[in-house]
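Take a look at the letters that make up each chain.
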Amino acid sequence: MPNDRKYDIVLYGASGFTGRQTVEYCRQFAPSGVRWAIAGRNRSKLESVNSARADVLVADAEDDNALNSLAEQARVVLSTAGPFSLYGTKLVDACVRNRTHYCDITGETPWIRQQIDLHHAQAAADGTRIVPGCGFDSIPSDFGAWLMARHVRDELQSDCESVAAYFRVGGGINGGTLASLFHMLETNQMVIAWNPFLLDPDPAAHTAEERTRNADPSGVRYDEDLKKWVGPFLMGSINTRVVRRTQALLATRFDYQEYSKFGSSRTARSAIVAGKVFESIAASSIGRRILKRLLPKPGEGPSEKVMDGGFFECEFVATAKSSKRARGILQGQGDAGNRITVKCLCESAFVLAHSDVGNSEVKPFSGGGVLTPVTGLGEELIVRLAKAGITFKIV
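Residues numbered from 1 in each chain as written. Predicted model: local features only at pLDDT ≥ 70, side-chain atom pairs only at ≥ 80, totals over all residues. Heavy atoms only, no water.

1. Notes on the sheet that holds strand β9 (residues 228–232)
Turning to step 1, where the next piece is worked out: Here we have 7 strands laid out as an open sheet, ordered β8-β9-β10-β7-β11-β12-β14, and mixed in their pairing. Pairing within the sheet leaves two strands with one partner each, and these edge strands are β8 (221–223) and β14 (391–394). The average angle at which neighbouring strand axes cross in this sheet is 30°, direction not considered.
Turning to step 2, where the next piece is worked out: Judged from the 6 bridges that link them, strand β7 (residues 160–170) and strand β10 (residues 255–262) form a sheet pairing that is parallel. For Val163, the partnering residue across the bridge sits in β10 and is Tyr256.
Turning to step 3, where the next piece is worked out: The sheet strands contacting helix α12 (residues 265–282) are β9 and β10, and the helix crosses β9 at an angle near 10°. (Pairing = 2+ DSSP bridges. Helix = DSSP H or I, 4+ residues; strand = E, 2+ residues; numbered from the N terminus. Axes fitted to C-alpha atoms, helices over the stretch in contact; angles between N-to-C directions. Contact = heavy atoms within 4.5 Å.)

2. Quick look at unusual backbone geometry
Turning to step 1, where the next piece is worked out: Residue Gly82 is joined to Pro83 through a cis peptide bond whose omega torsion reads 0°.
Turning to step 2, where the next piece is worked out: As for its placement among the helices and strands, Pro83 is situated in the loop between β4 (74–79) and α4 (84–87).
Turning to step 3, where the next piece is worked out: Between Asp137 and Ser138 the backbone carries a cis peptide bond, its omega angle lying at 10°.
Turning to step 4, where the next piece is worked out: Relative to the assigned elements, Ser138 resides in the loop between β6 (129–131) and α7 (139–155).
Turning to step 5, where the next piece is worked out: We note that Asn188 has phi near 60°; this positive angle belongs to a residue other than glycine.
Turning to step 6, where the next piece is worked out: For Ser323, which is not glycine, the phi torsion reads 80° and is therefore positive.

Structure (structure tokens):
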């Protein structure tokens, strides 16, 4: 990538609920010397959130010329403008065309599949890193699974057979996340999303037995090892696909699943029932209209108090082929969908912005392509996240 780009990072979608938080995070924590600007389709809205007095770029998500101009000025484009299948496709096109690195917070796995098919080969050839899923979906999962498998290999002297992740989260949800979910339902993308190997280089290259073994968990059970009740994790059908793509790109393979953990059977079963009721309502157009009236709309989200008081904790249990086991904890303060997502996304952009600098310590696993957080960002992100309060340890 040319070193004479005007900006190191451009924040696209900066006037949205999550976008406003990225502006504030960059104002406070961007590394010294990083040149950044904000961008979106409405100048007046952008100016209203421009607490850092950064440069403002106007580019509609459908305007090829404006997006091309934006991408050619930046080393990295960070996007919070979802649903990404509506507002992200032409932006990624522009980034690949201009050899501009890219990261976002999408959990729309069918759209990620589309970007793989459209751009992976060209981005790999050019050394351009397109890294979707850099929020709570799916950085904790991707790095946690990789760190556990590495621990098994290096410390237990064995190949990894499986990793299970058990989540506890607290906080709120914003309207942008809900808008992406509703859009996937309205466009029948959920049918595609159920493929457990959706993001693998060749999703069809798996046996029926592999598909069955890696199907998303359902129901509630008592885990004797954890001494906790567990059930399906809401974001598991997103994160597991990303982790399996990382495995494929690194030429390794182990079983991986995600769960929520609960203190009692009643709590676990109540959560599952509530989730199924929501799914049932959201499955119909009438139900979605009702939910859209009741729930946060795009641009809306939890209060500062709720976001600051939230948390996440993920306990990873890895099993080696030697039958030995290891445990790790990845955790952070702040609600998952906002505070943690913003930290993960902005720190990812900081890593990408310096990834081509000669003295950079960044050692990603791949030179380019449509990648995952692990393969596109490398261990430097773990170092940065630890400094930002998102920590991992073997226990």
